[in-house]
Amino acid sequence: TVIGLGARADHSWLAQLTADPETARFAPNRSSRQVKSGHYVRVAPSPLTAPRLVIHSPAMAASLGIAEEDVASPAFSAFFSGDAAVVPGMETWATPYALSIMGKHQTSNCPFGNGNGYGDGRAVSVGEVVVEGRRWEMQLKGGGPTPFCRGADGRAVLRSSIREFLASEAMHNLNVSTTRALSLVVSEGGDVVRRPWYKPEDAITGGRDKISMDDPRLARFDEATRRQIIRQAASQQRDPDVMVVEACAITTRVAPSFTRIGHLDLFSRRAATAGPGTPQHRELEQMVRHAIFREFPEVLEAHPGPGGEGGEAGAAGGVAPEAAAAFLRASAAAISDMVAGWLRVGFCQGNFNADNCLVGGRTMDYGPFGWMDAYDPLFAKWVGSGEHFAFMNQPGAGVANFAVLAASVAPLLQGGEAEAKRIVVEAQGVMDAAVADMWRRKLGLAADAPDARAAAAALFDDHLEPLMRAGAAEVDYTLMWRQLAEVAALPQDAADADLFAPLRAAFYSAPDAAEVANWTAFLRRWRATIGGDGAEAAARVRAENPKYILREWMLVEAYTAAKERGDFTLTHELFDLTAAPYAEGSDAMAAKYYRRAPDAALNAGGTAFMS
């Protein structure tokens, strides 16, 4: 039961790490302030008024040991909307961390100019439990202000909460490592906030003139260049232009750990300033050991370190240099697998700073994310993403984040900074290999095929990617990849027209004869490369390329119905749809959701882009 969570509680973050020594002085710790030391601040969430549970994940509830009948209890809605007193034995806290963007330390957005104000601004951890040997931490996203709220209200709105809940579980079902979502609770008692958003009448242009292919300013460019200019113009910043009142809501996210690279980044900076043998250096060592304990306990088993015996018993020991190095290599592999998974399913995280990168390689911070419609290597939903966080640049951002982690752990390595730099070079190779193998699998090449990765790289880099990027007719990323399975299954002697036919529905405008010829030539080259049994190749393609993703226009329809009419039917429908994203689904679901984005969705503020 929910009440029984307390009996399964085991708050390792509190037990193994150091508390902020000024917590009592600033109680209840619900306003912005500097947190100068310590790994956590005890702070209680702010409960929602008249909470109503609107959706939950039965699978996640079962993993926490919560029975379905208990989900319907008032205690469930109360606890997971911020009433921590409902469950005795649970603890609540928020954590500080640092911000680095593309490997560069940042303090300019900190209200105190020194980085002491960054941290969990609206996420409050409400406990850790161990169920059947597996540890889970629960966080309330939108749980109210903390010392790290930087003057904000600490709340989340129904719109963003629906997006986070659905995306978290959809990503899990896409087989990409992610934080999970347990529940979404909305206030029906008048808890509302004002947020900037987009006027409906500006939805198509975002308040700016739209550039079209026949714009006279583009007349001197060829068709492919005009298409690229239009794409770049579409990614330029377009800010919200109206304030809207929205109901407050809380999504409970769950993970084995929420340890961010930013956590280690913060304590490394403090240790570097204070020097060896100081309390700050000890806090860094504690943070590194706890990260290993939570994410890669096998490393502690192999390298217990001074005062440690591995596993649970070694939680309070030091960090052996071998453990620090093994931790970095394990984290590099996990982050690489995660980022490769994003490319595979057409996902752009949008704000991939080091503080939004978990050391365990788990997708988190579902804020300005998006699944791609028409292929664009510079795709991102967030107007602040820049090219560095754009879709095809995410591997580079991942390595940049990892470099921050390596630099943070460097004081604990035998070879110090030099060893850390060598491991970063290794990590680049690990990322490259993960991405290369992802393209192999996505293209349907068998693992035992001769030079499979090299063949896949040649197909993608030299042929398919240029076709998707430079063609005058934009192509839908998800539909194109999924429809390759239909092409693979065709007879060996299929005519050119038959080869191209399965892809026609993926184009946002009719490709001309030259484009069709180029695509057909690629399809013949690809079929010759995959060889073997066409049915087996088609099955491999379907296993790696989802049929259903959470396109933004679907999410907009769901949260609009919820906000305007209190109707969560579409929210539940999308939850069910994305539970089996690789399945064919019913004819009705395919007709409704297995299709290109509506034309308006490609330009609408809050759909094609957002702040």
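These numbers come from a predicted model, not from an experiment.

Undergrad: How should the overall build of the protein chain be read in this particular structure?
TA: When helices and strands are tallied, the protein chain shows 20 helices and 11 strands. Principal-axis analysis of the C-alpha atoms places the extent of the protein chain at approximately 75 × 55 × 50 Å. The buried share among the 611 residues of the protein chain stands at 59%. Sequence separation of at least 24 residues holds for 75% of the intrachain contacts in the protein chain that already meet a minimum separation of 6. Summing over all exposed atoms, the protein chain offers an accessible surface of approximately 22,600 Å²; the carbon and sulfur share of this is 52%. For the protein chain, the distance from the average site of its 60 positive side-chain charges to the average site of its 72 negative ones is 4 Å.

Undergrad: Would you explain the side chain of Glu-544 in this entry?
TA: Among the structural elements, Glu-544 can be located in helix α17 (residues 534-544). In contact with Glu-544, not counting residues within four places along its chain, are Arg-344, Arg-441, Lys-442 and Tyr-582.

Undergrad: How should I be thinking about the environment of Asn-356 in this particular structure?
TA: Tracing the backbone shows Asn-356 in the loop between β10 (347-348) and β11 (370-371). Placed 98 residues apart in sequence, Asn-356 and Phe-258 show a C-alpha to C-alpha distance of 9.7 Å. In contact with Asn-356, not counting residues within four places along its chain, are Arg-260, Gln-349, Asn-351, Met-364 and Asp-365. A distance of 3.5 Å separates polar atoms of two side chains, one belonging to Asn-356 and the other to Arg-260.

Undergrad: What am I meant to see in the packing of helix α12 (residues 416-442) against helix α13 (residues 452-470) here?
TA: Helix packing for two helices is described by the angle between their axes and how far apart those axes are. At their nearest, the axes of α12 and α13 sit 8 Å apart, and the two run at 75° to each other. If you check the angle between α12 and α13, you find them roughly perpendicular. On the side of α12, the interface is formed by Ala-433, Ala-436, Asp-437, Trp-439 and Arg-440, while α13 contributes Ala-452, Arg-453, Ala-456 and Phe-460. Across the contact of α12 with α13, the residue classes break down as 6 nonpolar, no polar and 3 charged.

Undergrad: Any chance you could explain α12 here in plain terms?
TA: An α-helix turns once per 3.6 residues; consequently, residues spaced three or four apart project the same way. The end-to-end C-alpha distance of α12, which contains 27 residues, comes to 39 Å, matching closely the 39 Å that a straight helix rising 1.5 Å per residue would cover. Of the residues one or two after α12, Gly-444 is the one with positive phi, at around 85°.

Undergrad: Is there a simple way to think about unusual backbone geometry in this case?
TA: Of all residues except glycine, most have a negative phi; of all peptide bonds, most are trans. Cis geometry marks the peptide bond from Ala-27 to Pro-28, where omega comes out at 5°. Its place among the elements puts Pro-28 in the loop between α1 (12-16) and β1 (51-56). Backbone geometry places Ala-50, a non-glycine residue, at a positive phi of 50°. Look at Arg-150: it is not a glycine, yet its phi comes out positive at around 55°.

Undergrad: I would appreciate a short explanation of helix α7 (residues 261-274) in the present structure.
TA: With 14 residues, α7 should cover 20 Å at 1.5 Å per step; its first-to-last C-alpha distance of 20 Å lies within 8% of that length. Counting buried residues along α7, 11 of its 14 residues qualify, which places the element largely inside the surrounding structure. Looking at α7, one finds that the buried residues are Ile-261, Gly-262, His-263, Leu-264, Asp-265, Leu-266, Phe-267, Ser-268, Arg-269, Arg-270 and Ala-271. Structurally, α7 contributes buried residues whose contacts are with α1, β2 (99-101), β3 (104-106), α8 (279-295), α10 (321-345) and α11 (394-409).

Undergrad: Is there a simple way to think about the nonpolar core in this case?
TA: Side chains that are nonpolar tend, in soluble globular proteins, to be buried together. Judged by nonpolar contacts, the single largest core of 148 residues is most densely connected at Phe-327, Trp-519 and Trp-526. Ranked by size, the runner-up nonpolar core spans 26 residues in total, among them Phe-79, Leu-140, Val-185 and Val-193.

Undergrad: For this particular structure, what's the right way to read the side chain of Asp-373?
TA: Position of Asp-373 among the secondary structure elements: in the loop between β11 and α11. Overall, the relative accessible area of 6% leaves Asp-373 in the buried class. Beyond its immediate stretch of four places on either side in the chain, Asp-373 contacts Lys-381, Val-475, Asp-476, Tyr-477, Tyr-508, Arg-551, Ala-597 and Leu-602.

Undergrad: How do you make sense of the environment of His-281 when you look at a structure like this?
TA: As for its position among the elements, His-281 is in helix α8. Along the primary structure His-281 and Arg-270 are separated by 11 residues, whereas in three dimensions their C-alpha atoms are 7.5 Å apart. Look past the residues within four positions of His-281 in its chain and what remains in contact with it is Ala-271, Gly-275, Pro-276, Pro-411 and Leu-412.

Undergrad: Please explain the pattern of salt bridges as it appears in this structure.
TA: When the charged atoms of two side chains lie near each other, side chains of opposite charge can form a pair. Evaluated as defined, the whole model comprises 35 salt bridges. A salt bridge links Glu-128 to Arg-135; the shortest N-O distance between them is 2.8 Å. Both residues of the pair, Glu-128 and Arg-135, count as buried. With a closest N to O distance of 2.8 Å, Arg-329 and Glu-426 form a salt bridge. Remark: Glu-426 occurs in helix α12 and Arg-329 occurs in helix α10; sequence separation between them is 97 residues. Exposure remark for Arg-329: the relative accessible area of 38% places this residue in the partly exposed category. Of the residues examined, Glu-426 reaches a relative accessible area of 37% and is grouped as partly exposed. Taken together, the shared-partner salt bridges in this structure form one network comprising Arg-344, Asp-437, Arg-440, Arg-441, Arg-453 and Glu-544.

About the criteria used
- Residues numbered from 1 in each chain as written.
- Predicted model: local features only at pLDDT ≥ 70, side-chain atom pairs only at ≥ 80, totals over all residues.
- Heavy atoms only, no water.
- Helix = DSSP H or I, 4+ residues; strand = E, 2+ residues; numbered from the N terminus.
- Buried < 20%, exposed > 50% of the residue type's maximum accessible area, 1.4 Å probe, protein only.
- Contact = heavy atoms within 4.5 Å.
- Areas by Shrake-Rupley, 256 points an atom, 1.4 Å probe, with all protein chains shown as cover.
- Lys, Arg positive; Asp, Glu negative; His and termini not counted.
- Charge placed at Lys NZ, Arg CZ, Asp CG, Glu CD.
- Polar contact = N/O pair within 3.5 Å; in protein donor to acceptor, adjacent residues only side chain to side chain.
- Axes fitted to C-alpha atoms, helices over the stretch in contact; angles between N-to-C directions.
- Parallel < 35°, antiparallel > 145°, perpendicular 65-115°, else oblique.
- Nonpolar A, V, L, I, M, F, W, Y, C, P; charged D, E, K, R; others polar.
- Expected span 1.5 Å × (residues − 1).
- Core = buried A, V, L, I, M, F, W, Y, C linked by side-chain atoms within 4.5 Å.
- Salt bridge = Lys/Arg side-chain N within 4 Å of Asp/Glu carboxyl O.

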